[in-house]
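Close look at the chain arrangement
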Amino acid sequence: MAIRGERGALAIVDPSGQTPAALWTAAFDPQASSDTEIGGVPSYLGSLVVAPNGREAALPSLQANIGEGAFLKPGSALEFDTTVRAVVSYFDVVAGAEVAEGRKQFDGRGLASAAVYSYFGDYLFVATRGARSVERIDRFTGAESSSLIDVGFAPQGLALSADGRFLAVDAYLARELVVYDLGEFAENTPPLARLPIPSVEPLAPQLLQGKRLFNDSLDPRLSQDGYLACAHCHLDGDSDRQVWDFTDRGEGLRDTISLLGRAGAGDGGIHWSANFDEIQDFEHDIRGPFGGSGLMSEAEWQKGSVASTLGDPKAGLSADLDALAAYVGSLTEERRSPHREADGVLPAAAELGRALFESPALGCKNCHSGPRLTDSGWIDPGVPLLHDVGTLGPGSGQRLGGALTGLDTPTLHGLWHSAPYLHDGSAATLHEVLTTRNFGDLHGVTSGLSAAEVEALVSYLLCLDGQID
Ligand code: HEC
Ligand code: HEC
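Predicted model only: the values in this text are computed from it and were never measured. (Residues numbered from 1 in each chain as written. Chains lettered and ligands numbered in written order. Predicted model: local features only at pLDDT ≥ 70, side-chain atom pairs only at ≥ 80, totals over all residues. Heavy atoms only, no water.)

Quick look at the site of ligand 1 now. Looking at ligand 1, there are 20 residues lining it, with C230, C233, H234, H271 and W272 nearest. Within the side chain of H234, one N or O atom sits 2.9 Å away from a nitrogen atom of ligand 1. Between ligand 1 and H271 there is a distance of 2.8 Å, counted from an oxygen atom to a backbone nitrogen or oxygen. Considering only residue class, the shell around ligand 1 consists of 13 nonpolar, 4 polar and 3 charged. (Near = heavy atom within 4 Å. Polar contact = N/O pair within 3.5 Å; in protein donor to acceptor, adjacent residues only side chain to side chain. Nonpolar A, V, L, I, M, F, W, Y, C, P; charged D, E, K, R; others polar.)

What follows covers the site of ligand 2. In the vicinity of ligand 2 lie 23 residues, with C364, C367, H368, T391 and H443 positioned nearest. At 2.6 Å from an oxygen atom of ligand 2 is found a side-chain nitrogen or oxygen belonging to T391. Residue H423 places a main-chain N or O atom 2.7 Å away from an oxygen atom belonging to ligand 2. Sort the elements by how many residues they give to the shell around ligand 2 and helix α6 (residues 430-434) lands first, with 3 residues. (Helix = DSSP H or I, 4+ residues; strand = E, 2+ residues; numbered from the N terminus.)

The next subject is the pairing of strand β6 (residues 56-64). Extensive coverage of β6 is indicated by the burial of 9 of its 9 residues. Side-chain alternation along β6 places E56, A58, P60, L62 and A64 on one buried face and A57, L59, S61 and Q63 on a second face that is also buried. Note that strand β4 (residues 41-43) and β6 share 3 bridges and pair antiparallel. Of the residues in β6, the one forming a bridge with V41 is A64. (Buried < 20%, exposed > 50% of the residue type's maximum accessible area, 1.4 Å probe, protein only. Pairing = 2+ DSSP bridges.)

Around the iron atom of ligand 2, the protein contributes the donor atoms H368 (NE2) and H443 (NE2), which lie 2.0 to 2.1 Å from the metal centre. What the 6 donor atoms of the iron atom of ligand 2 show is an angle range of 88 to 180° at the metal, which sorts the shape as octahedral. Here H443 lies in the loop between α6 and α7 (451-463) and H368 lies in the loop between α5 (348-358) and β20 (378-380), a separation of 75 residues in the sequence. Residue H368 is classed as buried on the basis of its relative accessible area, which comes to 10%. Using a relative accessible area of 22% as the deciding quantity, one classes H443 as partly exposed. (Donors = N, O, S within 2.8 Å, 3.2 Å for Na, K, Ca; no water. Tetrahedral: all angles 85-135°; square planar, octahedral: opposite > 155°, others 65-115°.)

What follows covers unusual backbone geometry. A419 connects to P420 through a cis peptide bond whose omega is 0°. Examined against the element boundaries, P420 turns out to sit in the loop between β21 (383-384) and α6. In this structure, R132 is a non-glycine residue whose phi angle is positive, near 55°. Mapped onto the elements of the fold, R132 is located in the loop between β11 (123-128) and β12 (133-138). Even without glycine at this site, A263 takes up a positive phi of about 50°.

Here we come to the packing of helix α1 (residues 205-215) against helix α4 (residues 319-329). Relative orientation of the contacting elements α1 and α4 amounts to 90°, with a least axis distance of 7 Å. Relative to α4, the element α1 lies roughly perpendicular. Across the interface between the two elements, Q206, L207, Q209, G210, K211, L213 and F214 from α1 touch D320, D322, A323, L324, A326, Y327 and V328 from α4. (Axes fitted to C-alpha atoms, helices over the stretch in contact; angles between N-to-C directions. Parallel < 35°, antiparallel > 145°, perpendicular 65-115°, else oblique. Contact = heavy atoms within 4.5 Å.)

In the structure shown here, the tally under the stated rule is 8 aromatic pairs. Ring plane angle 50° and centroid distance 5.5 Å describe the contact between F125 and F185, whose orientation is recorded as tilted. You can see F125 sitting in strand β11 and its partner F185 sitting in the loop between β16 (176-181) and β17 (193-196), a full 60 residues away along the chain. With respect to burial, F125 and F185 carry one shared label: buried. Taken together, a centroid distance of 5.5 Å and an interplanar angle of 50° make the contact between F357 and Y460 tilted. Taken together, the positions of F357 in helix α5 and Y460 in helix α7 put the pair 103 residues apart, joining distant regions of the chain. Of the two residues examined, F357 and Y460, each falls in the buried class. Over the ring of Y90 we find R139, and its NZ or CZ is 3.7 Å from the ring centre. (Phe/Tyr/Trp six-rings, centres within 6.5 Å; stacked < 30°, edge-to-face > 60°. Lys NZ or Arg CZ within 6 Å of the ring centre and 35° of its normal.)

Among protein residues, the single donor to the iron atom of ligand 1 is H234 (NE2), with a metal-donor distance of 2.1 Å. Looking at where H234 falls in the secondary structure, it is placed in the loop between α1 and β18 (243-245).

Attention now goes to the sheet that holds strand β14 (residues 155-160). With antiparallel pairing, 4 strands are arranged side by side in an open sheet as β14-β15-β16-β17. With one partner strand each, in any of the chains shown, β14 and β17 form the two edges of the open sheet. Going from strand to strand, the sheet's axes swing by 20° on average, the running direction of each strand aside.

Looking now at the domain arrangement of the protein chain. Taken domain by domain, the protein chain holds domain 1 (2-196), domain 2 (205-329) and domain 3 (348-374 + 410-463). Centre-to-centre separation of domain 2 and domain 3, based on C-alpha positions: 29 Å. Between domain 2 and domain 3, the residue contacts involve 12 residues of the former and 13 residues of the latter. Around 1100 Å² of area is buried between domain 2 and domain 3 when both sides are counted, 51% of it from carbon and sulfur atoms. Per-residue buried area on domain 2 facing domain 3 is highest for R241, D267 and W272; these three make up 46% of the total on that side. On inspection of domain 2 and its partner domain 3, the count reaches 1 salt bridge. Note that R372 is salt-bridged to D267, the shortest N-O span being 2.9 Å. Run the count over domain 2 and domain 3 and you get 5 residue pairs in polar contact (both at pLDDT 80 or more). Element by element, the count of residues in the side of domain 2 that touches domain 3 is highest for strand β19 (residues 253-255), at 3 residues. (Domains from an automatic or database assignment. Buried area = accessible area lost by both parts, 1.4 Å probe. Salt bridge = Lys/Arg side-chain N within 4 Å of Asp/Glu carboxyl O.)

Listed below in structure tokens is the structure:
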């Protein structure tokens, strides 16, 4: 389990249930970025693995550099190599604490997804997801000693054979189990076997290609030096629930948005400021902050106003960019809210909240309208409908490098798994959105609500998961 913005947190549970669960934390790293390390918080924690001696444990993850950026620390705009980095944190099992100064950072890798110790515990093998590698760390010196490259798309699991000789890599998006002989561990060692994972491919070829592009950072068209993949902030299409400083992109502090249920551009303008109008516009992020050479040909990119986010359409100009957009567009399903009753109906408090939400006195539906609970749309080509609901602050920054006059109304589906709230993550809870962060009733008329009514409205909002009951 990760606790946003402060530390990575692991709940240690005693299977006998006798003692209360302990909480191990992987601390926020405050260091300034350099060529070899970045600060930030462990995010997307993998599975903890315990060394054969039982005294040390290793935790693979990504380090999200949410403490830097042009607004938070002038002069430290996030770059392709300072936004995220694959890391491994080590724990002293007896003390139940992270080993201070022990966190290992990897050059040219964005997300460490799995780890396994060698038979004697002298090495730790670490899979990196977007960069498609397996790293070998010498546990006596702490240093890296060689790596396997291009093991297959999106490696997300590692296992050692019982005799310690063979390493199996679950290359999830290659749909293969890739087996290496650990007697010959070097960059160009071919695997002993690539075993197809025997199942019928559920995705049509274009969607599989789009999903690979979404999850990959090794392809130099997508990212310079292997750091950034869409999945490194949107694993499984969801949000990492971090707030990123995108001030240097002409925007500002921005809370990551989940892509689930949004069907790509299905909810109208894209991003909090509606600065994009098609998923193919992510070519700008790929060529810009990711440092990639781009999926589109230079000739297409230079045509007309293609190289402007709200200019000529990019759809239909690159098969790979269209595949990426098709995959993001295929994310139409929301996850079922656990706040509903087991049979899916709204609990009584949420029913009361729904009546409040729908009442003209509160006015929520003036903007959160229709089945997707948003009025997002375009007044004129390139001119989005934005509302200033009193939430803009100094960190909100700009829109496309110009004035930010308001925000694109977000859908309210999926709120149960998307805290923190608001474009800049300035509300930790829905309660705050409706109370301390609603100034002068600019964001719906909530000042006259009793505490119980606010809680009822929150209960309703937490149940929204794609359908309107
Ligand atoms: C460094 C983290 C990070 C990476 C990498 C990243 N995103 Fe995002 N994503 C965000 C943040 C933060 C937002 C909100 C930004 C905003 O609104 O300006 C966002 C918003 C979005 C949205 C908006 C959803 C909506 O309905 O408005 C889409 C779509 C999206 N990202 C797709 C992608 C794709 C495709 C890629 C890869 C090319 C990608 N993201 C890479 C952090 C990231
Ligand atoms: C004038 C249009 C408008 C009205 C009326 C309105 N909203 Fe909003 N709502 C917005 C906009 C725009 C945002 C984005 C604000 C931000 O990010 O700072 C938003 C954001 C939200 C969020 C946070 C969503 C997220 O993903 O973080 C919630 C929750 C919400 N509104 C609920 C409500 C409720 C409940 C009401 C009625 C009491 C209401 N809104 C009334 C336009 C409106």
